[in-house]
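# Geometric and topological summary
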Number of protein chains: 2
Amino acid sequence: MSEPVAPEIQALVSQVRFDAHGLIPCICQDAHTGEVLMFAFMNAESMAITLERRLACYFSRSRGKLWLKGESSGHTQRVLDIRIDCDADCVLIKVEQEGAACHTGFRSCFYRHRDGADTWSPEGEPLFSAEEMKAKYGKS
Amino acid sequence: MSEPVAPEIQALVSQVRFDAHGLIPCICQDAHTGEVLMFAFMNAESMAITLERRLACYFSRSRGKLWLKGESSGHTQRVLDIRIDCDADCVLIKVEQEGAACHTGFRSCFYRHRDGADTWSPEGEPLFSAEEMKAKYGKS
């Protein structure tokens, strides 16, 4: 993953603002339905890979390394559009999601909502069981 | 803004994970169109206010204080749905946006995208001019 970065990719990456840890938050949205699928972070290298390959690549803070989404599970995210906000300190990608974005088996990580009570309640059904996801995912 | 917090609101807030600075990232999405409007942070108090009043309230890191969205501009966000992700460390709110979410006058903060070249290009037109927004917003 450390091929030379094309000048136009370098130019794009240089225009965004990474935080003190070299990270930028990234919102991932289904390009077709508009559903927000997940939230993660990118560093400069993962952003360059995302721009270059048009496949979502994040930086895993817990594992301290690049995280090419779906590399082990097959649940990849093909990037159709990539946007930045007014302060250039947040990224939005619009993707075609293969399978489920969430390691729990739900299509979206945001499957729990307030339903009027004092708890966060799951809504809808997972696409895959927890066991299937564990087998597929490892942690990708 | 420091009225006593209802027990059910306290219960909901206690189930989310704030970071070392007491903050949680929040994605704000148009409830009707699915457009991602903005990205900001909440602390426990602003989240409780959001849950209680059903109006988006953030915590401004630059100003170090609560930020009831639209308080000075009138560009409020009525919250129809509030969700948390699988790790309970990111919030998604679905809102009815009054006017523009972005201080630049664009409806969404994510008005710039990669259009194939080496720059981030604005897409669409702002709803308000920069001058109108400055007059309206102050910094809300």
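Residues numbered from 1 in each chain as written. Chains lettered and ligands numbered in written order. Predicted model: local features only at pLDDT ≥ 70, side-chain atom pairs only at ≥ 80, totals over all residues.

## Comments concerning the interface of chain A and chain B
Counting from both sides, the interface comprises 30 residues of chain A and, opposite them, 30 residues of chain B. Broken down by secondary-structure element, the contributors of at least two residues to the side of chain A that touches chain B are helix H1 (7–14), strand S1 (24–30), strand S2 (36–42), strand S5 (77–84) and strand S7 (112–114) of chain A. Considering each element in turn, the side of chain A that touches chain B owes the most residues, four residues, to S5(A). Looking at the side of chain A that touches chain B, its residues break down into 17 nonpolar, six polar and seven charged. (Contact = placed C-beta atoms within 7 Å. Helix = DSSP H or I, 4+ residues; strand = E, 2+ residues; numbered from the N terminus. Nonpolar A, V, L, I, M, F, W, Y, C, P; charged D, E, K, R; others polar.)

## A word on the environment of Lys134(A)
As for its placement among the helices and strands, Lys134(A) is situated in helix H3 (residues 130–137). Since 14 C-beta atoms lie within 10 Å of it, Lys134(A) is described here as partly exposed. (Buried ≥ 20, exposed ≤ 12 C-beta atoms within 10 Å, placed from the backbone.)

## Overview of the nonpolar core
With 80 residues, the main nonpolar core has Cys26(A), Ile27(A), Cys26(B) and Ile27(B) as its most contacted residues. Apart from the residues within four sequence positions on either side, Ile27(A) is in contact with Val36(A), Phe39(A), Cys90(A), Leu92(A), Ile27(B), Val36(B) and Phe39(B). (Core = buried A, V, L, I, M, F, W, Y, C linked by C-beta atoms within 7 Å.)

## Considering the packing of helix H1 (residues 7–14) of chain B against helix H2 (residues 44–53) of chain B
Two quantities define a packed helix pair, namely the angle between the axes and the distance from one axis to the other. Residue and element names in this part refer to chain B. Remark: H1 packs on H2, axes separated minimally by 10 Å, with the N-to-C direction vectors making an angle of 130 degrees. Taken together, the axes of H1 and H2 are oblique relative to one another. By crossing handedness, the relation of H1 to H2 is classed as right-handed. Residues Ile9, Leu12 and Val13 of H1 form the contact with H2, whose participating residues are Ala44, Met47, Ala48, Leu51 and Glu52. (Axes fitted to C-alpha atoms, helices over the stretch in contact; angles between N-to-C directions. Parallel < 35°, antiparallel > 145°, perpendicular 65-115°, else oblique. Left-handed = near helix turned anticlockwise from the far one by under 90°.)

## Overview of the sheet that holds strand S6 (residues 91–97) of chain A
Backbone hydrogen bonds hold the strands of a sheet together, and the pairing may be parallel or antiparallel. Reading across the sheet, the six strands line up as S2(A)-S1(A)-S6(A)-S5(A)-S7(B)-S8(B) and stay open at both edges, with mixed pairing between neighbours. Every other strand in the sheet has two partners, leaving S2 of chain A together with strand S8 (120–122) of chain B as the edge strands with one partner each. Each adjacent strand pair in this sheet contributes to an overall mean axis angle of 35 degrees, direction not counted. Of the pairings in the sheet, the one linking S1(A) to S6(A) comprises five bridges and is parallel in character. When the bridges of S6(A) are listed, Cys26(A) appears paired with Val91(A). (Pairing = 2+ DSSP bridges.)

## A look at the confidence of the model for chain A
Summarising the model, chain A shows a mean pLDDT of 94, and 96% of its residues fall at 70 or more. Confidence metrics for the complex model read pTM 0.95 and ipTM 0.95. (pLDDT = per-residue confidence, 0-100.)

## Things to note about the relation of the copies chain A and chain B
When chain A is brought onto chain B, the operation consists of a screw motion whose angular component is 180 degrees and whose axial shift is 0.0 Å, with 0.0 Å RMSD remaining. Read as a symmetry element, the transformation amounts to a two-fold axis. The position closest to the rotation axis in chain A is occupied by the C-alpha of Gly34(A), lying 2.6 Å away. Most of the interface of chain A is mirrored in chain B, where 97% of its interface residues are also at the interface. (Least-squares fit on C-alpha atoms with pLDDT ≥ 70 in both.)

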